[in-house]
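# Structural description and commentary
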Amino acid sequence: MRGRVLVIAGSDSGGGAGIQADIKAITALGAFAATAVTALTAQNTLGVHGVVPVPPDFIRQQIDVVLSDIGADVIKIGMLGDVATIETVATALHDLAAATPVVLDPVMVAKGGHSLLATEAVDTLRRRLLPLAALITPNLPEAEALTGLSIRTEAEMRSAATALLATGVPAVLLKGGHLPSDTVIDLLATADGIEAFPAPRIDTRHTHGTGCTTASAVAAGLAQALSLRDSVLRARLYVRAAISSAPGFGGGHGPLDHAVTVAIPPSWPGQRD
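### Thoughts on the overall build of the chain
- On a plain count of helices and strands, the chain comes out with eight helices and 10 strands.
- With respect to the three principal axes, the spread of C-alpha positions in the chain is 45 × 40 × 40 Å.
- In the chain, which comprises 273 residues, the share counted as buried stands at 53%.
- Sequence separation of at least 24 residues holds for 68% of the intrachain contacts in the chain that already meet a minimum separation of 6.
- Of the side-chain charges in the chain, 19 are positive and 24 negative, and the distance between the mean point of each set is 4 Å.

Shown next, in the form of structure tokens:
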């Protein structure tokens with residue numbers, strides 16, 4: 001199954017994150033990517049140097065024309081930026097795609113530290129978009145913002161994942177890369193329990209766009225009718241391979257190699273509670 005993913009997110013002129021990373025990842029994994037661009041950023045490996053929001057009416061128009069013709073099996077949401085954009089996207093999805101699964105990557109801060117979501121918009125995102133999501137994919141700072149909890153250990157990761165499930169979200173992929181450890185642990189939390197996926201940390205600064213890429217890779221799997229768990233497994237393998245073969249461009253946090261290929265292994269050493 002080819003699978004169609006509509007990505008609603010911002011553009012990264014450096015090509016490492018945002019819509020550009022989304023399209024590359026979805027295409028590399030054999031699905032089809034369409035887009036609705038929410039913001040333009042002037043960005044490279046050293047940081048975000050400028051942001052221009054797309055007018056809400058035009059965001060809505062992009063969503064309308066894609067869904068009315070091409071359609072989507074999964075919708076992936078990334079950078080939204082402000083309250084008006086969140087309201088526009090939430091209303092559009094309610095009106096046009098109420099039955100389509102949504103993978104929500106609650107983008108708040110760029111790799112270089114630049115804010116990509118207004119502080120006052122966090123509550124709007126929590127109130128309007130979490131109820132629409134089939135899966136959310138926060139990193140630890142994003143999970144802290146959404147839950148109000150401090151996350152400094154794996155045990156606190158589990159508490160945060162449980163708190164996010166309590167909001168009504170069916171599934172949470174909590175990414176643990178911000179914890180200082182030689183082992184990176186991601187958690188997949190659902191009503192069936194919490195599964196931990198540990199892996200050795202890859203020693204590199206070329207990790208720009210890992211969050212966008214992970215969420216889009218999972219969305220591609222879901223659009224291709226893979227199970228949630230298999231979508232996550234393949235996404236993690238893909239992202240780790242893309243980090244390992246990163247081209248080394250730029251003087252800061254460089255992009256991944258989105259052209260790598262992966263296959264789903266027969267089993268994965270997850271640890272289910």
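There is more to say, and it comes next.
### Comments concerning the pairing of strand 2 (residues 32-44)
- Both strand 1 (residues 4-12) and strand 2 contribute to a ladder of eight bridges, which runs parallel. Paired with I8 across the strands is A36, a residue of strand 2.
- In this fold, the crossover linking strand 1 to strand 2 by way of helix 1 (residues 18-28) has right-handed handedness.
- In terms of strand pairing, strand 2 meets strand 3 (residues 47-53) through six bridges, oriented antiparallel. The residue bridging A42 from the neighbouring strand is G50, located in strand 3.
- Linking two consecutive strands that pair antiparallel, namely strand 2 and strand 3, is a turn of two residues.

### Regarding the nonpolar core
- Counting 79 residues, the largest nonpolar core has L6, I8, I63, I75, I77 and L174 as the members making the most contacts within it.
- Here this core takes seven residues from helix 8 (residues 228-244), the largest share from any one element.
- Residues A39, V48, V107 and L116 belong to the second largest nonpolar core, which totals five residues.

### A closer look at the pattern of salt bridges
- Under the counting rule described, the total for this entry stands at 12 salt bridges.
- The residue D22 makes a salt bridge to K76 at a minimum N-O spacing of 2.9 Å. Taken together, the residues D22 in helix 1 and K76 in strand 4 (residues 74-77) connect sequence positions 54 residues apart.
- Residue class for D22 comes out buried when judged on its relative accessible area of 0%.
- Measuring nitrogen to oxygen at the nearest pair gives 3.1 Å for the salt bridge that ties R158 to E154. Separated by four residues within a single helix, R158 and E154 lie in helix 6 (residues 154-166), roughly one turn from each other.
- Among the residues examined, E154 registers a relative accessible area of 27% and is labelled partly exposed.
- It is possible to trace a salt-bridge network through shared partners that takes in R60, D64 and D95.

### So, unusual backbone geometry
- Despite not being glycine, A225 shows a phi value in the positive range, around 70°.
- Here A225 lies in the loop between helix 7 (210-223) and helix 8.

### What to know about the side chain of H206
- Relative to the helices and strands, H206 is located in the loop between strand 9 (193-200) and helix 7.
- A polar contact of 3.3 Å, which involves the side chain of H206, links it to the backbone nitrogen of G254.
- Setting aside residues up to four positions removed in sequence, H206 forms contacts with I243, A246, G248, F249, G250, G252, G254, P255 and L256.

### Points about the packing of helix 7 against helix 8
- In the contact formed by helix 7 and helix 8, the axes pass within 8 Å of each other and the chain directions differ by 140°. Put simply, helix 7 runs oblique to helix 8. Handedness of the crossing formed by helix 7 with helix 8: right-handed. Taking contact as the criterion, the partners of T210, T213, T214, A217, V218, A220, G221 and L222 in helix 7 are, on helix 8, L228, S231, V232, R234, A235, Y238, V239 and I243.
- When its residues are assigned to classes, the contact of helix 7 with helix 8 shows 10 nonpolar, five polar and one charged.

Here is what the cut-offs are and how they apply
- Going along each chain's sequence as written, the residues are numbered from 1 onward.
- The predicted origin of the model limits local features to residues at a pLDDT of at least 70 and limits the giving and counting of side-chain atom pairs to 80 or more, whereas totals for whole chains, interfaces and linings rest on all residues.
- As a rule here, side-chain values come from all non-hydrogen atoms in the structure, and water together with hydrogens is ignored.
- By the criteria applied, helices consist of DSSP H or I runs no shorter than four residues and strands consist of E runs no shorter than two, each listed in order from the N terminus.
- Buried means the residue's accessible area, taken with a 1.4 Å probe over protein chains only, is under 20% of the maximum for its type, while exposed means over 50%, and partly exposed covers the values in between.
- Note on contacts: a residue pair qualifies if any of its non-hydrogen atoms lie within 4.5 Å across the two residues.
- Residues scored as charged are limited to Lys and Arg (positive) and Asp and Glu (negative), so that His and the chain ends carry no count.
- In this description, the location of a charge corresponds to atom NZ of lysine, CZ of arginine, CG of aspartate or CD of glutamate.
- Here, a strand pair is defined by DSSP locating no fewer than two bridges between the strands.
- A crossover counts as right-handed when, viewed with the strands pointing away from the observer, the path leading from the first strand over the helix to the second turns clockwise.
- Among buried residues, those of type Ala, Val, Leu, Ile, Met, Phe, Trp, Tyr and Cys that are joined through side-chain atoms within 4.5 Å constitute a nonpolar core.
- Here a salt bridge means any side-chain nitrogen of Lys or Arg lying within 4 Å of a carboxyl oxygen belonging to Asp or Glu.
- A 3.5 Å cut-off defines polar contacts: any pair of N or O atoms within that distance qualifies, except that in protein one atom must be a possible hydrogen donor and the other a possible acceptor, and neighbouring residues in sequence count only when both atoms are side-chain atoms.
- Angular values range over 0 to 180 degrees, each being the angle between N-to-C directions of two axes fitted as lines to C-alpha atoms, with helices fitted over their stretch in contact.
- These descriptions rest on fixed angle ranges, namely under 35 degrees for roughly parallel, over 145 for roughly antiparallel, 65 to 115 for roughly perpendicular, and the rest for oblique.
- Left-handed describes a crossing in which the near helix is turned anticlockwise from the far one by less than a right angle; the clockwise case is right-handed.
- Each residue gets one of three labels, nonpolar for Ala, Val, Leu, Ile, Met, Phe, Trp, Tyr, Cys and Pro, charged for Asp, Glu, Lys and Arg, and polar for the others, Gly among them.

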